[in-house]
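# Results of the structural survey
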Amino acid sequence: MRGETKPDVCVIGLGYIGLPTAAIIARAGCAVHGVDVSQDVVDTINRGEIHIEEVDLDGLVQAVVQRGLLKASTQIRPADVFVIAVPTPFAKDGNHTPDTSYVMAAAEKVADVLKPGDTVILESTSPVGTTEVVRDTIAARRLDLALPGQCDGRADISLAYCPERVLPGRILEELTHNDRSIGGITPRCARKALAFYKRFVKGECVTTDARSAEMTKLVENAFRDVNIAFANELSMIADRQGLDVWEVIRLANRHPRVNILQPGPGVGGHCIAVDPWFIVHGAPEEAQIIRQARETNDAKMHHVLDQARQLIKAAPTEKVACLGLAFKANIDDFRESPARYIAASLAREFGDRVYIVEPYAVELPPEFKGTGARLVDIDTALEECAVLIPLVDHDVFKVIPAEERHDKVIYDTRGIWPDAA
Ligand SMILES: NC(=O)c1ccc[n+]([C@@H]2O[C@H](COP(=O)([O-])OP(=O)(O)OC[C@H]3O[C@@H](n4cnc5c(N)ncnc54)[C@H](O)[C@@H]3O)[C@@H](O)[C@H]2O)c1
């Protein structure tokens, strides 16, 4: 557009979500200032390098840094649009309470540099009402600004919630092409945020209010969790009744209106295993199925651990290969991973009999230290281990031909080798 001025953008939190988002906004021609509390992260990005594994992200970050469109620092600077993408983990109280302190710390930083006309967007997955608390946090520090939903006339700034629904490994593609929900504190805020996203999102952007957008994100992951819990419960029932769950699901899914998901060793990651608890926390009396699904998926992890233990005890002189530590296929992210928990528990119990194969790891996570377990490649595992326990459905495991595993004892927790059932 002729004469159009592009907004300066500040992205706070440069992790799995913030860095790709910053890079895509920079690719759209906006000057982006990235802020992170980690000096390492900042230095890496300013060298045009990346600290996370994500398809095609290295080339894009290198390009936008070289063109001077993306710069990182630990200090916030004035901008026209602020995007907050910091973590929202559980509090350390053991009750799955959402910890929004990172978001509020970021909101305070933003408050200090805000000027009338600016837009603040929260992207972190958040409990319902968090965007309003961000507004209140800003209000407490900036008595000079009229804030949306708190003033009669036109507010000085706009504030919106816009969640991410990207799949690791496809983040750049999905950031651009997925539809997005954009929830404003007021309809005017939503329109301001919409105009910003239209600069780099090709998917449909649907506006709503902030609380509905917050809940939409949580509901999406709770829906997945409940459906996986159904498959996981079936798998435990099938184990008790001596049935092949994969066969039962395959057959049931031939019904035109049935689509059962695949069971696994539990549910991991920082989204599906976490976000449903944010709903439970907000409505503990009502969120019965959602809570039960979380508990069922956690129970499945312990069920797999018990089954694996029995198998290993039944072959007392053999070496065992646990295949995979990541929380899902073909990624390097081991956070909240049931595979990692199961493998580490087996390593603690069976020591140097346990081999770990994880092509996305350069070393074993800290909890394996002193157990005697070793990180090996898949060829070593196939040569030396009589028991194979696939815990993650990485493509490199799926393609192991039947003749290379015909003499193995196999506990296929992901159903990656249908011929072995
Ligand atoms: N990773 C995903 O696939 C995904 C998908 C959808 C939503 N989300 C949500 O997006 C949010 C961010 O997740 P992520 O995976 O990018 O996290 P991450 O841990 O990869 O990155 C967060 C970054 O924020 C930085 N940080 C923490 N506090 C800060 C502060 N006060 N100021 C500046 N930087 C700060 C950290 O150093 C880190 O680099 C979370 O709410 C998460 O639930 C993540």
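Quick caveat: nothing in here was measured; it's all calculated off a predicted structure.

## Topic: the side chain of Ser-124
Looking at the element boundaries, Ser-124 is found in the loop between strand E5 (119-122) and helix H5 (130-141). You can call Ser-124 buried: its relative accessible area is 4%. Residue contacts for Ser-124: discarding those within four places in its chain leaves Ile-84, Ala-85, Val-86, Thr-88, Val-103 and Tyr-161.

## What to know about the sheet that holds strand E11 (residues 374-375)
Pairing is parallel across the open sheet formed by 5 strands, whose spatial order is E11-E10-E9-E12-E13. Strand pairing shows two members of the sheet lacking a second neighbour, E11 and strand E13 (409-410), which therefore form its edges. Where strand E9 (residues 320-323) lies against strand E12 (residues 387-390), 4 bridges are found, and the strand directions are parallel. The partner of Leu-323 across the bridge, within E12, is Pro-390. Relative to strand E10 (residues 354-357), helix H12 (residues 338-350) is tilted by about 155°, and along the sheet it contacts E9, E10 and E12.

## Focus: the packing of aromatic side chains
Overall, the coordinates contain 4 aromatic pairs when judged by the stated rule. Measuring from ring centre to ring centre gives 5.4 Å for Phe-196 and Tyr-197, while their planes differ by 65°; the resulting arrangement is edge-to-face. Assigned by exposure class, Phe-196 and Tyr-197 land together as buried. Their ring planes at 50° and their centres at 5.5 Å tell us that Tyr-197 and Phe-200 sit as a pair that is tilted.

## Quick look at the pairing of E5
Covered by surrounding structure in E5 are Thr-119 and Ile-121 together with Val-120 and Leu-122, the residues of both alternating faces. For strand E4 (residues 81-84) and E5, the ladder comprises 4 bridges, and the chain directions are parallel. Residue pairing in the sheet places Val-83 in a bridge with Ile-121 of E5. Once the chain exits E4 it traverses helix H4 (residues 101-113) before rejoining the sheet at E5, and the crossover so formed is right-handed. Of the strand pairs in this sheet, E5 and strand E6 (residues 158-161) are connected by 4 bridges, and their pairing is parallel. Bridge pairing links Val-120 to Leu-159 in E6. Handedness of the crossover is the feature at issue here: the chain leaves E5, passes through H5, returns alongside E6, and the resulting connection is right-handed.

## Here we look at the domain arrangement of the protein chain
Reports often express the size of an interface as the amount of accessible area lost when the parts come together. Domain annotation for the protein chain reports domain 1 (9-203) and domain 2 (227-420). With 13 residues of domain 1 at the contact, the number on the domain 2 side is 11 residues. Each partner contributes to the roughly 1100 Å² buried at the junction of domain 1 and domain 2, and carbon and sulfur atoms together form 69% of this total. On the domain 1 side of the interface with domain 2, the three residues burying the most area are Tyr-16, Phe-90 and His-96, jointly 40% of the side's total. Across the domain 1-domain 2 interface, the total number found is 0 residue pairs in polar contact (both at pLDDT 80 or more).

## So, the sheet that holds E5
Across the sheet, which stays open at both edges, the 8 strands sit in the order E3-E2-E1-E4-E5-E6-E7-E8 with mixed pairing between neighbours. Of all the strands in the sheet, the pair left with one neighbour each is strand E3 (70-73) and strand E8 (205-209). Averaged over all adjacent pairs, the angle separating strand axes in this sheet is 25°, with direction ignored. Sheet topology note: the strand E7 (residues 180-184)/E8 ladder contains 5 bridges and is parallel. Across the sheet, the residue bridging to Gly-184 is Asp-209, located in E8. Against the sheet, H5 contacts E5 and E6, and its axis sits at roughly 150° relative to E6.

Parameters at a glance
- The numbers attached to residues start from 1 for each chain and follow its sequence in the written order.
- Under the rules for a predicted model, residues below a pLDDT of 70 receive no local features and side-chain atom pairs below 80 are neither given nor counted, while totals for whole chains, interfaces and linings still include all residues.
- Hydrogens and water are ignored here; the side-chain numbers use all heavy atoms of the structure.
- Working definition: helices are DSSP H or I runs of at least four residues, strands are E runs of at least two. Numbering for both runs from the N terminus.
- To sort residues, take the accessible area from a 1.4 Å probe on protein chains only and compare it with the maximum for the residue type: under 20% means buried, over 50% means exposed, and anything in between is partly exposed.
- Contacts between residues were defined by any pair of non-hydrogen atoms, one from each residue, lying within 4.5 Å.
- A pair of strands is considered paired only if DSSP assigns at least 2 bridges between the two.
- Angular values range over 0 to 180 degrees, each being the angle between N-to-C directions of two axes fitted as lines to C-alpha atoms, with helices fitted over their stretch in contact.
- Centres within 6.5 Å are what make two rings of Phe, Tyr or Trp a pair, Trp counting through its six-membered ring; a difference in plane orientation under 30 degrees is then read as stacked, over 60 as edge-to-face, and the rest as tilted.
- By convention, a crossover is right-handed whenever its connection, traced from the first strand over the helix to the second and viewed with the strands pointing away, goes clockwise.
- The source of the domain bounds is an automatic or database domain assignment.
- A quick way to say it: buried area is the sum, across both parts, of accessible area lost when two parts are put together, with a 1.4 Å probe.
- For this analysis, a polar contact is any N or O atom pair within 3.5 Å, provided that within protein one partner can donate a hydrogen and the other can accept it, and provided that sequence-adjacent residues contribute only side-chain to side-chain pairs.

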